[in-house]
Amino acid sequence: MGESLLTALSMDHHHHHPSTLLSMDPSGVSQPSLAAASAHDDYNHELLGQQRPQITLSGPPDINLPLGGDRSPPQHLWNPVSCDMLDVRLGTQVYDADTPLNLPKVGIIPAGGRKCAKRGDSIWGAWFFFNFYFKPVLSEKFKGKIIRDANGFSGFDKADLCPDVFLVQHDMENMYMWVFKERPENALGKMQLRSYMNGHSRLGEPQFPFSVDKGFARSHRMQRKQYRGLSNPQCVHGIEVVWSPNLSMVSEADCKKWVDLTGRDLNFSIPREASDFGSWRNLPSTDFELERPSPPLKNISHLNSRKLLNGTGLNLSSQPSNHAGGDCMDLSPKCSKRRKDFFPHGTDEDCCLSNNSYCQDMEIYPVEPSWVNEFTGVMRHACGPVTAAKTIYEDEEGYLIMVSLPFSDQQKVKVSWKNNLTHGIVKISCVSTARMPYIKRHDRTFKLTDPCPEHCPPGEFVREIPLATRIPEDANLEAYYDETGTVLEIMIPKHRVGSEEHEVHVCMRPPLLGSNELLLAFMGIFSLVTGLPGPSGFGSSSTAEQVTEGVDASNLTVIITGGASGIGAETARVFALRGAHVIIAARNMEAATDAKQLILKTIPSARVDLLELDLSSLKSVRAFSDKFLSMDLPLNVLINNAGVMFCPHQLSEDGTEMQFATNHIGHFQLTNLLLEKMKSTARKTGIEGRIVNLSSVAHIYTYEDGIRFAELDEKYGYSGKKAYGQSKLANILHANELSRRLQEEGANVTVNSVHPGLIMTNLMRHTLFLMRMLKMVTYILWKNVPQGAATTCYVALHPSVKGVTGKYFVDCNEAKPSALAGDETLARRLWDFSEKLVKAKTRDRR
């Protein structure tokens, strides 16, 4: 154990995906692969000489060996390239991946050979079919709750489903296969389809939309009725068929993919007789995609030639060793059952080994290692190394590699990279500190007694990770440990040429806030504490009356959402004081009436109207805009002020997460409905229209990607504070994108966003106690309500802001928001997402 451990990583590129070989040899020298080939040949002869041997796993369990579950497919396709390979490894190889697999093409396989769809495409095709050609059936009073978008259905609870409506799974399978009748090679096979519909999908793959865990119960309602000759067919409750779905919400790329997979026109309809399409069940299996057998096998006597544990060899490769002689097993149709036991996802044409041995004379029993029973959940289906396990993410510009390095010496971690002819390689060198013979803790000394330790042995190791593209020669790679120090994140740009190896500086991850955010926070605190005016002549201590002094707003009409309380009420009062016609849009009409009375009490000549508006309801937003437009008033200023803050997870009546629905979606739709009125008012009067979105400095504290598009409404992973930050980020992105669009049109309307400051208002009702305690500690940073309304009034009324658009203001001065807030791509994506969301919600309501 004291000997140094050399870990070498190598890659072999044949006509399949790349894989990673992590090899360990306590001698410090990688062993040649001849022993592996010899052991493999021994194994072949042993199999041929036995009649149905019962194979058992010898040796202690090793968590580094693959589990019995499916392997995840490699992420990238690779061009063939010759490389040297150090193949010192443990896992038993029972066939040669380079040996052609040539079973006869039978049944529905086209004579010209199969196109052989990837598993991912076929799984996606199954998801697409069930997602759009079926839909949930809700009880009568809940029918309006269904929300349909390109990702599926949402907005309803399990209890809302109507259990009396059901479909027979047998019929659903027939309809699926009818859809793929023209291109059956792209469909899931019989058992794969059944498995998928029973909810057995890999992590990261699209799930069957009507699984039991989503509330769609299964039963045997048709039992003993001999339905279609079946004595006990399974039924799926709470769904119905959509014979001609509307695919207008589906992206063009997905539509093209669907057409390519099915070979049909996009808007085809499923005929009623498709449920009778059972002839496909009599054809040979169409299961596709041969996958390497991942489970270890029992009773392999030659394993003594390669130790199973304690660091003598570790095979993490899906690549087999090369064989001398080429004798292989004949997996012909007459032994298809045994072949499928061995290759659980292979097809007749996917699997063909040479015919020098006799499959019918043996049976192989793949089993899971004993330790797999110690796990539940996703770990039961995981496989791979314990130390230096990697996961690769990718976007248009580059890669992010996550590498786990538990029990390693951080000071000795080195990251380097190089290019070969076709792709880049990232190399990680480290020293394992696990499995030491003795460990001291306080005044005690512990001895290693575990006969089956599962961590990496102590010593040096190297891992090389291949990428699908080359790394630019002038690339500046970044490598950071996360906060725990156990995960290394490496960011790599894409593409160019080179051959040298370059070292990457490794350090701790920077703080969550970037330099811009830190500067923003510092300047904000400095301004708040000192109260000094900025370039505009105003600062954090300025009030709304001060920043609008001398402004005549008597020819303006303004709508203020949330104008019944807090800074909204103060903004309404100051606008009325300057002579504007004020429309207070409020959910609580009683509070709005009180606010109006207070204004009239001090400003008897004020023009104030009240209109009801609940921004969490798109129906209410539409009703408000219709009511206002029917009043035939001009509209010069729109202040999107209302909001909710830090509320627990809940969905709006439209099925959208409450903070996002109220703070962003409601204002997004309201602005769109009133925009033509604002533009026409600006044209007729020559007075610049102004839209002000109230955001917050809290926009810097949001989810990692800024906006949780895919999980927007999910309770899992929800944070009330991050959801608030997400909605405030959306306010800035909305303002920026709308500003860009209006500038392209040449419209005389500006759009800006503001941070009003820390003010104790009803907005904080969900965290009132916490905020009061915080205010006691940080009282010097808080504003009063007149000061909180100052930035809004300044941007909406002050002459010096004329023509300024797409900016962010703090303390009545222009400021720079976070990097996410300035992301134009994210702003466009949010706009498109919001448009589709509003369209889907309003259509479902009809």
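We now turn to the structure provided with this report. Quick caveat, the model's predicted, so the values are computed rather than measured.

## A word on a nonpolar patch on the surface
No. 1: Nonpolar side chains collect at one region of the surface, where Met436, Ile439 and Phe446 lie side by side and expose about 240 Å² of accessible area between them.
No. 2: Here Met436 shows up in the loop between strand 13 (424-432) and strand 14 (438-441).
No. 3: Accessibility expressed as a relative area gives 36% for Met436, which makes it partly exposed.

## Brief notes about the sheet that holds strand 25 (residues 689-694)
No. 1: Pairing is mixed across the open sheet formed by eight strands, whose spatial order is 23-22-21-24-25-26-27-28. Pairing within the sheet leaves two strands with one partner each, and these edge strands are strand 23 (607-612) and strand 28 (813-815). On average, adjacent strands in this sheet sit at an angle of 25° to one another, irrespective of strand direction.
No. 2: Of the strand pairs in this sheet, strand 21 (residues 557-561) and strand 24 (residues 637-640) are connected by three bridges, and their pairing is parallel. Across the sheet, residue Ile560 finds its bridge partner in strand 24, namely Ile639.

## Observations concerning the packing of aromatic side chains
No. 1: Summed over all chains, the structure comprises 28 aromatic pairs.
No. 2: Between Trp127 and Phe128, the aromatic rings sit 6.5 Å apart at their centres with planes inclined by 70°, giving edge-to-face as the arrangement. A single burial state applies to Trp127 and to Phe128, both of which are buried.
No. 3: Above the plane of the ring of Phe646 lies Lys721, whose end atom (NZ or CZ) is 5.4 Å from the centre.

## With respect to the state of the cysteines
No. 1: Per the stated rule, a full pass over the model turns up zero disulfides.
No. 2: There is no disulfide at Cys812, and the cysteine sulfur nearest it, in Cys793, is 8.9 Å away.

## Some remarks on the packing of helix 3 (residues 169-179) against helix 4 (residues 190-197)
No. 1: Here helix 3 crosses helix 4 at 125°, and the two axes come no closer than 11 Å. The angle between helix 3 and helix 4 places the two elements in the oblique class. Helix-helix and strand crossings are classified by hand; for helix 3 and helix 4 the assignment is right-handed. Residue-level inspection shows Gln169, Met172, Glu173 and Tyr176 of helix 3 in contact with helix 4, the latter providing Leu193, Arg194 and Met197.
No. 2: Residue composition of the contact of helix 3 with helix 4, by class: four nonpolar, one polar and two charged.

## Considering the environment of Trp243
No. 1: Examined against the element boundaries, Trp243 turns out to sit in the loop between strand 9 (239-241) and helix 5 (252-262).
No. 2: Residue classification places Trp243 among the partly exposed residues on the basis of a relative accessible area of 25%.
No. 3: C-alpha separation for the pair Trp243 and Ser269, spaced 26 residues apart in sequence, amounts to 5.6 Å.

## Observations regarding the nonpolar core
No. 1: One finds Ile559, Phe624, Phe628, Leu670, Leu674 and Ile691 to be the most contacted residues of the largest nonpolar core, which totals 45 residues.
No. 2: Every residue in contact with Leu674, bar those within four places of it in the chain, is listed here: Ile559, Phe624, Ser625, Phe628, Leu629, Leu635 and Leu638.
No. 3: Grouped together as the second largest cluster of nonpolar side chains are 44 residues, Phe130, Met172, Val236 and Cys255 included.

## Describing the packing of helix 11 (residues 618-630) against helix 12 (residues 658-685)
No. 1: Where helix 11 contacts helix 12, the axes come no closer than 10 Å and their chain directions differ by 25°. Taken together, the axes of helix 11 and helix 12 lie roughly parallel to each other. Considering only the axes of helix 11 and helix 12, their crossing is right-handed. Contact with helix 11, carried on its side by Leu618, Val621, Arg622, Phe624, Ser625, Phe628 and Leu629, involves Ile665, Gly666, Gln669, Leu670, Leu673, Leu674 and Lys677 of helix 12 and no other residues of that element.
No. 2: The residue inventory of the contact of helix 11 with helix 12, partitioned by class, reads nine nonpolar, three polar and two charged.

## Remarks on the pattern of salt bridges
No. 1: In total, this model carries 16 salt bridges according to the counting rule given.
No. 2: Its salt-bridge partner being Asp260, residue Lys256 comes within 3.1 Å of it at the nearest N-O pair. Taken together, the residues span about one helical turn, with Lys256 and Asp260 both in helix 5 at a distance of four residues.
No. 3: With a relative accessible area of 53%, Lys256 lands in the exposed category.
No. 4: Since its relative accessible area comes to 35%, Asp260 is described here as partly exposed.

## Some details on unusual backbone geometry
No. 1: The phi dihedral of Phe407 is positive, around 55°, even though this residue is not glycine.
No. 2: Mapping Phe407 onto the fold places it in the loop between strand 11 (398-404) and strand 12 (414-419).
No. 3: With a relative accessible area of 43%, Phe407 lands in the partly exposed category.
No. 4: Positive phi is not limited to glycine here, since Asp811 has a value of about 55°.
No. 5: The exposure class of Asp811 is buried, given its relative accessible area of 5%.

## Things to note about the side chain of Lys679
No. 1: You can see Lys679 is positioned in helix 12.
No. 2: Classification of Lys679 by relative accessible area gives buried; the value is 10%.
No. 3: Other than its neighbours up to four places away in sequence, Lys679 contacts Leu742, Glu745, Ala747 and Val749.

## Examining the sheet that holds strand 6 (residues 166-168)
By way of backbone hydrogen bonds, the strands of a sheet pair with one another, either parallel or antiparallel.
No. 1: Within the open sheet, the three strands sit side by side as 6-8-7. Their pairing is antiparallel. Looking along the sheet, the strands with just one partner apiece sit at the ends: strand 6 and strand 7 (218-219).
No. 2: Two strands pair when backbone bridges link them, and strand 6 and strand 8 (residues 235-237) are joined in this way by three bridges, in the antiparallel orientation. By the bridge assignment, Val168 is partnered in strand 8 with Cys235.
No. 3: Where helix 3 meets the sheet, it contacts strand 6, strand 7 and strand 8, and its direction lies at approximately 65° from that of strand 6.

Cut-offs and rules
- Residues numbered from 1 in each chain as written.
- Predicted model: local features only at pLDDT ≥ 70, side-chain atom pairs only at ≥ 80, totals over all residues.
- Heavy atoms only, no water.
- Patch = residues over 30% accessible without salt bridge, like charges linked within 9 Å, V, L, I, M, F, W, Y side chains within 5 Å.
- Areas by Shrake-Rupley, 256 points an atom, 1.4 Å probe, with all protein chains shown as cover.
- Salt bridge = Lys/Arg side-chain N within 4 Å of Asp/Glu carboxyl O.
- Helix = DSSP H or I, 4+ residues; strand = E, 2+ residues; numbered from the N terminus.
- Buried < 20%, exposed > 50% of the residue type's maximum accessible area, 1.4 Å probe, protein only.
- Pairing = 2+ DSSP bridges.
- Axes fitted to C-alpha atoms, helices over the stretch in contact; angles between N-to-C directions.
- Phe/Tyr/Trp six-rings, centres within 6.5 Å; stacked < 30°, edge-to-face > 60°.
- Lys NZ or Arg CZ within 6 Å of the ring centre and 35° of its normal.
- Disulfide = S-S within 2.5 Å.
- Parallel < 35°, antiparallel > 145°, perpendicular 65-115°, else oblique.
- Left-handed = near helix turned anticlockwise from the far one by under 90°.
- Contact = heavy atoms within 4.5 Å.
- Nonpolar A, V, L, I, M, F, W, Y, C, P; charged D, E, K, R; others polar.
- Core = buried A, V, L, I, M, F, W, Y, C linked by side-chain atoms within 4.5 Å.

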